[in-house]
Amino acid sequence: MDTVTRTEALSRFGYALSDSTRTRILLILREGPGYPSELAESIGVSRQILSNHLACLRGCGLVVAVPEGRRSRYELADRRIGSALDDLLALVLAVDPACCPAADDDNCC
């Protein structure tokens, strides 16, 4: 795999994590599949906003929609994504557990 491809892949992952709503979706889906209406309610956003974020995550290749009749179930595209999220979270908290205590903090990473 060449450097450009690796850079693009990590950039997509970083872009997905750059929004707190997308990050919350990924963290919920690492626990198991979910339906849009349940995800929207759990996160506290409208279904339209959730739909836009799910489209972004699908475009990044991180989630897939599994048709179930008239509904779609969303899940991580690969179980290793959940493991990567766990590892990344453990690393960030180990380095600086107080990192970004508030989203409106001007010193936030």
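Presented here is a report on the structure given in the accompanying data block. Small disclaimer: the values here were computed from a predicted structure and weren't measured. (Residues numbered from 1 in each chain as written. Predicted model: local features only at pLDDT ≥ 70, side-chain atom pairs only at ≥ 80, totals over all residues. Heavy atoms only, no water.)

Remarks on the overall build of the protein chain
Secondary structure summary: the protein chain contains 5 helices and 2 strands in total. Seen in sequence order, the protein chain has helices and strands lined up from the N terminus as α-α-α-α-β-β-α. Burial statistics for the protein chain: of 109 residues in total, 25% are counted as buried. Just so you have it, the protein chain exposes about 7300 Å², and 52% of that area is on carbon and sulfur atoms. (Helix = DSSP H or I, 4+ residues; strand = E, 2+ residues; numbered from the N terminus. Buried < 20%, exposed > 50% of the residue type's maximum accessible area, 1.4 Å probe, protein only. Areas by Shrake-Rupley, 256 points an atom, 1.4 Å probe, with all protein chains shown as cover.)

Thoughts on the pattern of salt bridges
Across all of its chains, the model carries 5 salt bridges by this definition. Between Glu31 and Arg30 there is a salt bridge, with the nearest N and O atoms lying 3.2 Å from each other. Since its relative accessible area comes to 29%, Arg30 is described here as partly exposed. Between Arg30 and Asp86 there is a salt bridge, with its nearest N and O atoms 2.6 Å apart. Placement of Arg30 in the loop between helix H2 (20–29) and helix H3 (36–43) and of Asp86 in helix H5 (residues 79–95) is noted, with a sequence separation of 56 residues between them. Assessed through its relative accessible area of 37%, Asp86 is described here as partly exposed. (Salt bridge = Lys/Arg side-chain N within 4 Å of Asp/Glu carboxyl O.)

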